[in-house]
Amino acid sequence: MDYIWIFGVTGDLSRRKLLPALAKLLQDGRELVIVGISRKQVRQSVFRAYVEKTCESVCEVSLNGLLDRLFYVQMDFDHLEEPEDPAVISAEKSLADIKAELEEIYGAPSRSLFILATMPEHFGRLARTIRGSDIAEEGTAAILIEKPFGYDLASAVEYNERISRYFDESAIFRIDHYLGKAMLRNLFSLRFSNAIFDAVWCKDYIEEVNLYALETLGIEGRGGYYDKAGALRDMVQSHMLQMAALVAMDAPEDLGTEAVRRSKIQSLRQMKLNLEESQFGQYTGSESENGFLDEEGVAPDSGTETFASLMLEIDAPRWQGVPFKLVTGKKLSEKKTVIEIKMKAAKLADQMDGVVTPNSIEINVQPEEGVRIRFNVLAPSSEAEIVERELDYCQSCLIGEKSPEAYEKLLIDALKGDLTLFASWGEIEAAWELVDPAVAYVRAHPERLLRYEAGRDVLGRV
Ligand SMILES: O=C1O[C@H](COP(=O)(O)O)[C@@H](O)[C@H](O)[C@H]1O
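All of these numbers come straight from a predicted model, not from anything done at the bench. (Residues numbered from 1 in each chain as written. Predicted model: local features only at pLDDT ≥ 70, side-chain atom pairs only at ≥ 80, totals over all residues. Heavy atoms only, no water.)

**Q** I would appreciate a short explanation of the domain arrangement of the protein chain in the present structure.
**A** By a widely used convention, the size of an interface equals the accessible area lost when the partners come together. When the domains of the protein chain are assigned, the result is domain 1 (2-146) and domain 2 (179-404 + 424-461). Taking only C-alpha atoms into account, the centre of domain 1 sits 34 Å from that of domain 2. (Domains from an automatic or database assignment.)

Here you go:
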């Protein structure tokens, strides 16, 4: 039996991602006990009814298994600071008590995951409370930390230092849910298990790399958070730079977690953002949609970017002169995450008949999952004319091959103790070193913030 403790269980992340993933794991036969913790003063039955109501629309499986194994503890995170504070003692006692009660019914945990789905300012005091309450057994306990990991490098260093007082790096699982997405896991396999890709993955054959994470959704009631974060902190610091590192990294020395992490850190450290050549935007309202400045929690004169198209240079022999473009934004015309690799023209291409388009490889992350390769062939029945055709492997179209949700995969790995798909401290640090100056640049250059109408296609302009 594994125990999962979720701090911030009534928050948005928990409702949309964690609880549905846990419901699926329980349905698949995993033996789990889940303890939800939040500040709200509610009874167990009310909490379960709340989960049933709020998760129903996002959950693909029956919630019965989850509701049977879900328990609630109230805890005021703000009053956990000082060791002498009576709130700490009562919180620690109640966590230890509830564990003892659950053990009587379900037995001792084989493994315990402590998921901090809270604002980062709570990380240190929660880590301390978990350690102090003796509910985390050495060797079988892991702490899972949600993004954002800090608001900038300085705060990230501070949070990391505080968590590290209580948990060893080998027990710290920093979640970036994009790393659990099927096609990003596949990117690694695609590159390193195929000579046809591995051999050409460099400046000699690749002309440019474009990474898109486009969203139709807006900020979904998270105005207070997003106005401080913006696209740079919300998406670029984590998901976009992780995707870029997976494309740009050199082959690790082996497939072990440490070697993969070293390779990604090295790659992140070689990256430089060309801010003058980048573009930033903020959505305005339309007849049917709110503009960013109309959203609750957003300052009426906010200069926060909801869109970024960043030019990235990588100072590595493999990538000299190859531009990487990272594009992400809210309230765009389509929801799509894709990695587009455009190849250089072949040597004799300009001597052929017809339009010879350089090859491209598209790794579709979502909503479609798959790989599309465009290449040239002799047109059927033609003497010499070249035409472009494509090889399309659509993984998500294949019946019975629907990939598990990213959170399911990440939770399974955390239960196994496998850190490979979680961000190391070095990756977080290197990503903040890139993003901090970019945020400062956008705040210092309000004239660089282009306005785009919610729901409009802006990609033609970047
Ligand atoms: O972490 C975040 O990711 C989501 C986008 O995730 P996806 O799996 O739907 O692509 C984004 O909407 C949110 O603002 C951000 O915090």
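**Q** Before we go on, may I ask you to explain the packing of aromatic side chains in this structure?
**A** Pairs of aromatic rings are described using the distance from one ring centre to the other and the angle between the two planes. Taken as a whole, this structure holds 14 aromatic pairs when the rule is applied. Arranged with centres 4.9 Å apart and planes meeting at 70 degrees, the rings of Phe188 and Phe192 form a pair that is edge-to-face. Of this pair, Phe188 and Phe192 both sit in helix H7 (residues 182-193), 4 residues apart, which is roughly one turn of that helix. Each ring, one from Phe280 and one from Tyr441, has its centre 6.2 Å from the other, and the planes form 50 degrees; the classification is tilted. Highlighted residues: Phe280 in strand S8 (residues 271-284) and Tyr441 in helix H12 (residues 425-444), separated in sequence by 161 residues. By relative accessible area, Phe280 is classed as buried at 0%. Note on Tyr441: relative accessible area 10%, which makes it buried. In this structure, Arg48 packs its charged tip against the face of Phe71, placed 5.3 Å from the ring centre. One cation-aromatic arrangement involves Arg131 over Phe167; the distance from NZ or CZ to the ring centre is 4.5 Å. (Phe/Tyr/Trp six-rings, centres within 6.5 Å; stacked < 30°, edge-to-face > 60°. Helix = DSSP H or I, 4+ residues; strand = E, 2+ residues; numbered from the N terminus. Buried < 20%, exposed > 50% of the residue type's maximum accessible area, 1.4 Å probe, protein only. Lys NZ or Arg CZ within 6 Å of the ring centre and 35° of its normal.)

**Q** I'm lost on the sheet that holds strand S9 (residues 307-314) in this one. Help?
**A** In any sheet, the strands associate via hydrogen bonds between backbone groups, in a parallel or an antiparallel arrangement. The sheet built from 9 strands is open, its strands ordered S14-S13-S12-S11-S7-S10-S9-S8-S15 with mixed pairing. Each having just a single partner strand, strand S14 (386-394) and strand S15 (449-453) make up the two edges of the open sheet. Strand-to-strand twist of the sheet, defined as the mean angle between neighbouring strand axes without regard to direction, takes the value 20 degrees. Bridge count for strand S13 (residues 370-378) against S14 is 9 bridges, and the pairing is antiparallel. Along S14, the bridge assignment pairs Gly370 with Cys394. Relative to strand S10 (residues 324-329), helix H9 (residues 223-248) is tilted by about 145 degrees, and along the sheet it contacts strand S7 (206-214), S8, S9, S10 and strand S11 (336-343). H12 contacts S8 and S15 of the sheet and is inclined by roughly 50 degrees relative to S8. (Pairing = 2+ DSSP bridges. Axes fitted to C-alpha atoms, helices over the stretch in contact; angles between N-to-C directions. Contact = heavy atoms within 4.5 Å.)

**Q** I would appreciate a short explanation of the site of the ligand in the present structure.
**A** Around the ligand lies a shell formed by Lys147, His177, Tyr178, Lys181, Glu215, Arg222, Asp234, Met235, His239, Lys330, Lys335 and Gln366. Measuring from an oxygen atom of the ligand, one finds a side-chain N or O atom of Tyr178 at 2.5 Å. With respect to the ligand, the side chain of Asp234 contributes an N or O atom lying 2.6 Å from an oxygen atom. Burial of the ligand by the protein amounts to 86% of the accessible area it has alone, namely 400 Å². A per-class count over the shell around the ligand returns 2 nonpolar, 3 polar and 7 charged. (Near = heavy atom within 4 Å. Polar contact = N/O pair within 3.5 Å; in protein donor to acceptor, adjacent residues only side chain to side chain. Areas by Shrake-Rupley, 256 points an atom, 1.4 Å probe, with all protein chains shown as cover. Nonpolar A, V, L, I, M, F, W, Y, C, P; charged D, E, K, R; others polar.)

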